[in-house]
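Structural features, examined
Listed here are the chains, written in short residue letters.
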Amino acid sequence: MKKRGRGIACMWYPIGFTVAANASAAVVKVNEDGTATVLTGTVETGQGSLTVLGQIAAEELGIATDDVHVVSADTDTTPMDTGAIASRTTYVTGNAIRLAAEKAKEILFQVAAPMLGVKPEQLEARDRKIQVKNYPQRCIGIGEVANHAQFVMGQPALGSASYNPHTVSLDPETGQGKPFATYVYATQIAEVDVDDETGEVEVLRIVASHDCGTPINPMLVEGQIEGGISMGIGFALQEEMLFDKNGKQLNPNLTNYIMPTSLDMPEIEVDIVKNFDPTGPFGAKGVGEPTAVPTAAAIMNAIYNAVGARVHSLPATPEKVLAAIKVARAKQLAKPKAKALAKPKAKPAQKRLAAR
Amino acid sequence: MAQKSNKQSKRMDTPMSEKSRPVRSKKSAGIGLPLEGSGTLRLPAVAKQVPFPIEALAPKVRQQTPAVGQRATRPDGRLHGLGQTKYIDDISFPGMLYCKIKRAGISSALIKKIDTSEALAMPGVMAIITGKDIPVNSYGPSIKDQPVLADDRVFHAGDGVAAVAAITEQIAQEALEKIKVEYEPMPAVYDPFEAMKDSAHKVHAPASNIYATKLIKKGDVEKGFRESYRIFEDTFSTQMVEHVPLEPHCSIAAWDANGRLTIHSTLGRITLGRTDMARTLQLPLSRIRMVATIVGGNFGGKNEITQEPALAVLSKITGRPVKGTFTRVEEFIATTTRHPINMHYKTGVSKDGRILARKVRLVLDGGAYCSWSETTLGKACILSPGPYNIEHVHAEAFVVYTNKTMTGAMRGFGAPQVCFAYESHMDDIAEALNIDPLEIRLRNAFHEGSSSPTGQVLHSVVVKDSLLQAAERFGWKEIR
């Protein structure tokens, strides 16, 4: 019979390397028409990092995402970057790009100040214009300023900068220190059906509530969360590399190494927790890795809630779940009164779902 | 201009929802444009040519200011959708050769002899190299214990022993069969707990199999246990998994007449990659150019070089560009994987479910080489107590060599493993104390200014917010 259960898991996860320096450098060039080119040594690995980095540069320069072209991943042309690792791109590379864009913007302000009859400190960049703070009617198009800077003042607007997260090394005896500049937090709740005769687990729904500081691009944050959950489901229920007794892999192929497909994906509901990290670019932290962290834990707790069976080793294959169910039943028989807690929870959940 | 391009992007996006699905016709200029006549959908054997748009296709959301917070579409999204993204394997150069690597297939052995003569005599085979042809045959992000191609020892079954460059992939593959390697099997160890024993076979003798450790100590854990109302103890373990990126590892090495090397690679970290190339090939950094494109999935598996120095040496010998693309089998046997971790938890709690003390012991199966194990070890150890205020913490972690596929960086660096353990453990504690799982987490969760297990004062902490927000969305309280 299929039993329904729910499980909750929360987590914390750091941004960047453990203590070790993991710098990023960036160059931002404002073209003479007010568009911009960003040079970064990071590599787009499919997560949309270049879009996010472009948005950060655009925000600092007061222009639109589409006005920015990001050049990446060529050691001859792009500056040093520690790379797409440790959920650090938005935070570390993003900070470097923001700082570089700020420097380019300062040149624009210096050029625009006499044109507008104010001091550079009184200016801001917004909506593709350089304008006087609290008096936006007094403005010049950013393209005009950039053109003037380059061709009249001979002062092209470009900036370069680098960023390295602030850490304090760990005491070798006690491990005390500040290994990371910042952390993100998240909770996932899973709802599952467990067949108590076969041990098969079906994940029905996952609610994911993730902190990433300011979401620079909420759509890409959601994409990361959904992708991370699919990886988490594989880790929880299906994927396992097996070895024979001589250390040779038994299933090095996608026929026998089972990964979740779209058919295994549950309904996913994503929430981004409101947060702002003052050390991140526009309050942003990161989201890449943490999305895959709490999924397996939530599913295991849901299995326990459904059938009272605690799985101690991943993946929770039907064989392992069935074995755990048998252990749970044996325990229940041994002390019939004490452990009747887990079961009644399952029923109201079913009722509620039927009503939905 | 913006408006016009919007219109165009709409036209390109609509056809999938139209009733008449695209059929083969001369008129089908754009991808999937609705055409006259319905009939069954026939997929063309070769993808149709897509005309390049004259005007930039920029959806409105990319044109808005301020830029932060916009659901801006990715400039590479259209290319992915049209199947036009150029990955490394889509690139080829005139005269390019293909490389294949012979894998050991035995997990611990001494290489007595490698006979490449028969393979080298095959028509189309241009060069074959072994470990001795790599100028500095070792690499690794922390411990440089991994050879590009095996020297005289095999440490795991996926080790490469020889690399072939041939005019076609097929010939290179066939040449692997003709390479004769004589092995002398050696003792091996596969279980991390076995490997930790003094009597165990030393994978990288004379060094100990425990190649890195980590210790986090805060407060006095024994005192915490003495003050606890109840103590819970449990052990959890996880398996080895692969990253399985859609795109396998692929690189092309090419030298120019000035002796400058260009590597096109799927590497996610070109800065470190170039440093590794310079070291293994003994070249100044200025003579190496490393170029990446959009990587088809990394997840930590493409954080270090693999075959690149071998490709570079083959290219230098032959004077032609050399491409190497891993097969799916190689992705499993010859690239890094996620650490299996054995996790022992001992937790002391107060009557109202507050965690007073927690002792954690982690044993990570490190496989044959260090790779990113030190980082994984550190992160797993620091994160292992969970996002909870605990006064007394003792967390220790060990990573151990075994004669298995090396473990390394993978999305979460040990965090998914320890999260499974600390959160399973948490629910068991909650049930024993008859506290709701959400409630026990709220009672213990970090708050702004909490002190982490390493004594760091935490800022922008929203664990409780995320717990409450998820519970609200799920209907956690209603169901109870």
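Residues numbered from 1 in each chain as written. Chains lettered and ligands numbered in written order. Predicted model: local features only at pLDDT ≥ 70, side-chain atom pairs only at ≥ 80, totals over all residues.

1. Considerations on the overall build of chain A
- Along chain A, the regular secondary structure elements total seven helices and eleven strands.
- Its C-alpha atoms give chain A a radius of gyration of 26 Å, more than 25% over the compact-globule value 21 Å for 356 residues.
- By its C-alpha atoms, chain A is 85 × 55 × 45 Å across when sized along the principal axes.
- Per-residue burial for chain A yields a buried fraction of 58% across its 356 residues.
- Nonlocal contacts in chain A, meaning residues at least 24 apart in sequence, comprise 73% of its contacts between residues at least 6 apart. (Helix = DSSP H or I, 4+ residues; strand = E, 2+ residues; numbered from the N terminus. Rg over C-alpha atoms; globule rule 2.2 N^0.38 Å. Buried ≥ 20, exposed ≤ 12 C-beta atoms within 10 Å, placed from the backbone. Contact = placed C-beta atoms within 7 Å.)

2. Details of the overall build of chain B
- A tally of regular secondary structure across chain B gives 14 helices and 15 strands.
- With 480 residues in all, chain B has 53% of them scored as buried.
- Taking the intrachain contacts of chain B between residues at least 6 apart in sequence as the baseline, contacts between residues at least 24 apart amount to 75%.

3. Focus on the interface of chain B and chain A
- Each partner contributes residues to the interface: chain B has 102 residues there, and chain A has 104 residues.
- In terms of residue class, the side of chain B that touches chain A is made up of 47 nonpolar, 32 polar and 23 charged. (Nonpolar A, V, L, I, M, F, W, Y, C, P; charged D, E, K, R; others polar.)

4. Notes on the packing of helix α2 (residues 89–116) of chain A against helix α3 (residues 142–151) of chain A
Residue and element names in this part refer to chain A.
- At a minimum axis separation of 9 Å, α2 and α3 run at an interaxial angle of 95°. Compared by their axis directions, α2 and α3 come out roughly perpendicular. Seen from α2, the contacting residues are Ile-107, Leu-108, Val-111, Ala-112 and Met-115; seen from α3, they are Ile-142, Val-145, Ala-146, His-148 and Ala-149. (Axes fitted to C-alpha atoms, helices over the stretch in contact; angles between N-to-C directions. Parallel < 35°, antiparallel > 145°, perpendicular 65-115°, else oblique.)

5. Brief notes about the pairing of strand β5 (residues 123–126) of chain A
All names here are of chain A.
- The two faces of β5 differ: Leu-123 and Ala-125 on one face are buried, but Glu-124 and Arg-126 on the other face are not.
- Of the strand pairs in this sheet, β5 and strand β6 (residues 129–132) are connected by four bridges, and their pairing is antiparallel. Bridge assignment links Glu-124 to a residue of β6, and that residue is Gln-131.
- Here β5 folds back onto β6, and the loop between the two strands holds two residues, one of which, Asp-127, carries a positive phi near 45°. (Pairing = 2+ DSSP bridges.)

6. Concerning the confidence of the model for chain A
- Confidence along chain A averages 94 in pLDDT terms, with 94% of residues attaining 70 or more.
- When the criterion is pLDDT under 50, residues 339–356 of chain A qualifies, and its contacts beyond four places in sequence or with other chains add up to 20 contacts. (pLDDT = per-residue confidence, 0-100.)

7. Notes on the nonpolar core
- One finds Leu-108 and Ile-303 of chain A together with Cys-99 of chain B to be the most contacted residues of the largest nonpolar core, which totals 236 residues.
- Per element, the largest residue contribution to this core is twelve residues, and it comes from α2 of chain A.
- Dropping the residues within four chain positions of it, Cys-99 of chain B is found in contact with Ala-163, Val-164, Ala-165, Ala-172, Ala-310, Leu-311, Leu-314, Val-322, Lys-323 and Gly-324 of chain B. (Core = buried A, V, L, I, M, F, W, Y, C linked by C-beta atoms within 7 Å.)

8. Things to note about helix α4 (residues 218–238) of chain A
- Taking 1.5 Å of rise per residue, 21 residues should cover 30 Å, and α4 of chain A covers 30 Å from first to last C-alpha, within 8% of that figure.
- Summarising burial for α4 of chain A: 15 of the 21 residues are buried, a large majority. (Expected span 1.5 Å × (residues − 1).)

9. Points about the sheet that holds strand β15 (residues 392–401) of chain B
Residue and element names in this part refer to chain B.
- Sheet architecture is open: five strands sit in the order β7-β15-β14-β13-β8, paired in mixed fashion. Two strands in the sheet have a free side with no partner beyond their single neighbour: β7 (210–218) and β8 (230–237). In this sheet, adjacent strand axes meet at a mean angle of 5° when their direction is disregarded.
- Note: strand β14 (residues 355–367) against β15, ten bridges, orientation parallel. Counted as the bridge partner of Arg-361 is Glu-396 from β15.
- Contacting β7, β13 (341–349), β14 and β15, helix α10 (residues 373–383) runs over the sheet at an angle of about 25° to β7.
- On the sheet, helix α11 (residues 415–432) packs against β8 and β13 and is oriented at approximately 35° with respect to β13.

10. A closer look at the sheet that holds strand β10 (residues 201–211) of chain A
Residue and element names in this part refer to chain A.
- The mixed open sheet is built from four strands, whose spatial order is β1-β9-β10-β11. The open sheet has two edge strands with one neighbour each: β1 (2–15) and β11 (267–273). With strand direction ignored, the average angle separating the axes of adjacent strands in the sheet is 15°.
- Bridging between β1 and strand β9 (residues 182–195) involves 14 bridges; their strand directions are antiparallel. Bridged to Tyr-13 within β9 is Val-184.
- In the packing of helix α5 (residues 295–307) onto the sheet, the strands contacted are β1, β9 and β10, and the crossing angle to β1 comes to about 155°.

11. Some details on the confidence of the model for chain B
- Residues of chain B with pLDDT of at least 70 account for 88%, and the chain-wide mean is 91.
- Reported confidence for the predicted complex is 0.93 by ipTM and 0.91 by pTM.

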